[in-house]
Amino acid sequence: MLFVPAALAAGVLTLSSERAARCVTYGEQCAQGLPGWLFGWSAGIAVVAFVVALAAPALRVRQAALAAQLLAECTALMVILSYA
């Protein structure tokens with residue numbers, strides 16, 4: 001869906017914070033970084049749910065896969081925004 005544009009927008013919002021600006025400019029107050037396992041699992045689940053939502057023949061399965069995809073994408077975006 002719109003995960004890539006939303007991730008880019010979240011990244012820009014993250015970089016526009018005061019802490020990120022100090023980290024980039026002076027190397028101070030830098031966070032540890034994204035927890036790679038949480039972001040990776042969220043993005044992976046979103047991709048699998050996207051494929052299921054497109055390929056499943058049953059309406060209920062497609063609806064459940066779409067809900068799982070949206071939840072996983074929101075989780076990945078919250079991980080990006082929480083490290084601002």
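Procedures and definitions
Residues numbered from 1 in each chain as written. Predicted model: local features only at pLDDT ≥ 70, side-chain atom pairs only at ≥ 80, totals over all residues. Heavy atoms only, no water. Core = buried A, V, L, I, M, F, W, Y, C linked by side-chain atoms within 4.5 Å. Buried < 20%, exposed > 50% of the residue type's maximum accessible area, 1.4 Å probe, protein only. Contact = heavy atoms within 4.5 Å. Axes fitted to C-alpha atoms, helices over the stretch in contact; angles between N-to-C directions. Helix = DSSP H or I, 4+ residues; strand = E, 2+ residues; numbered from the N terminus. Parallel < 35°, antiparallel > 145°, perpendicular 65-115°, else oblique. Left-handed = near helix turned anticlockwise from the far one by under 90°. Nonpolar A, V, L, I, M, F, W, Y, C, P; charged D, E, K, R; others polar. Expected span 1.5 Å × (residues − 1). Arc of directions from axis to C-beta.

**Comments concerning the nonpolar core**
Working step 1: Within the largest apolar cluster, six residues are counted, these being Phe3, Ala7, Ala10, Ala76, Leu77 and Ile80.
Working step 2: Beyond its immediate chain neighbours, meaning those up to four positions away, Ala7 contacts Leu77 and Ile80.

**Digging into the packing of helix H1 (residues 3–15) against helix H4 (residues 59–82)**
Working step 1: In contact at an axis separation of 9 Å, H1 and H4 are set at 15° when each is read in the N-to-C sense. Considered as vectors, H1 and H4 are oriented roughly parallel to each other. The way H1 lies across H4 gives a crossing that is right-handed. Here Phe3, Ala6, Ala7, Ala10, Gly11, Leu13 and Thr14 of H1 come into contact with H4, specifically with Glu73, Ala76, Leu77, Ile80 and Leu81.
Working step 2: Classifying every residue of the contact of H1 with H4 by side-chain character gives nine nonpolar, two polar and one charged.

**Some words on H1**
Working step 1: Relative to the 18 Å expected for 13 residues at 1.5 Å per residue, H1 spans 18 Å between its end C-alpha atoms, a close match to the ideal helical length.
Working step 2: Buried residues of H1: Phe3, Ala7, Ala10 and Thr14, and no others. Within H1, the buried residues cover an arc of 60° as seen down the axis, which keeps them to one side. Exposed residues lying more than 90 degrees from the buried face of H1 are Val4, Leu8, Val12, Leu13 and Leu15.

**Considering the packing of helix H3 (residues 36–55) against H4**
Working step 1: Two elements in contact, H3 and H4, have axes whose closest approach is 8 Å; the angle formed by their N-to-C orientations is 155°. Between H3 and H4, the interaxial angle falls into the category roughly antiparallel. The way H3 lies across H4 gives a crossing that is left-handed. Where H3 approaches H4, its residues Leu38, Phe39, Ser42, Ile45, Ala46, Ala49, Phe50, Val52 and Ala53 are matched on the opposing element by Val61, Arg62, Ala65, Leu66, Ala68, Gln69, Ala72, Glu73, Thr75, Ala76, Val79 and Ile80.
Working step 2: Residues belonging to the contact of H3 with H4 are distributed by class as follows: 16 nonpolar, three polar and two charged.

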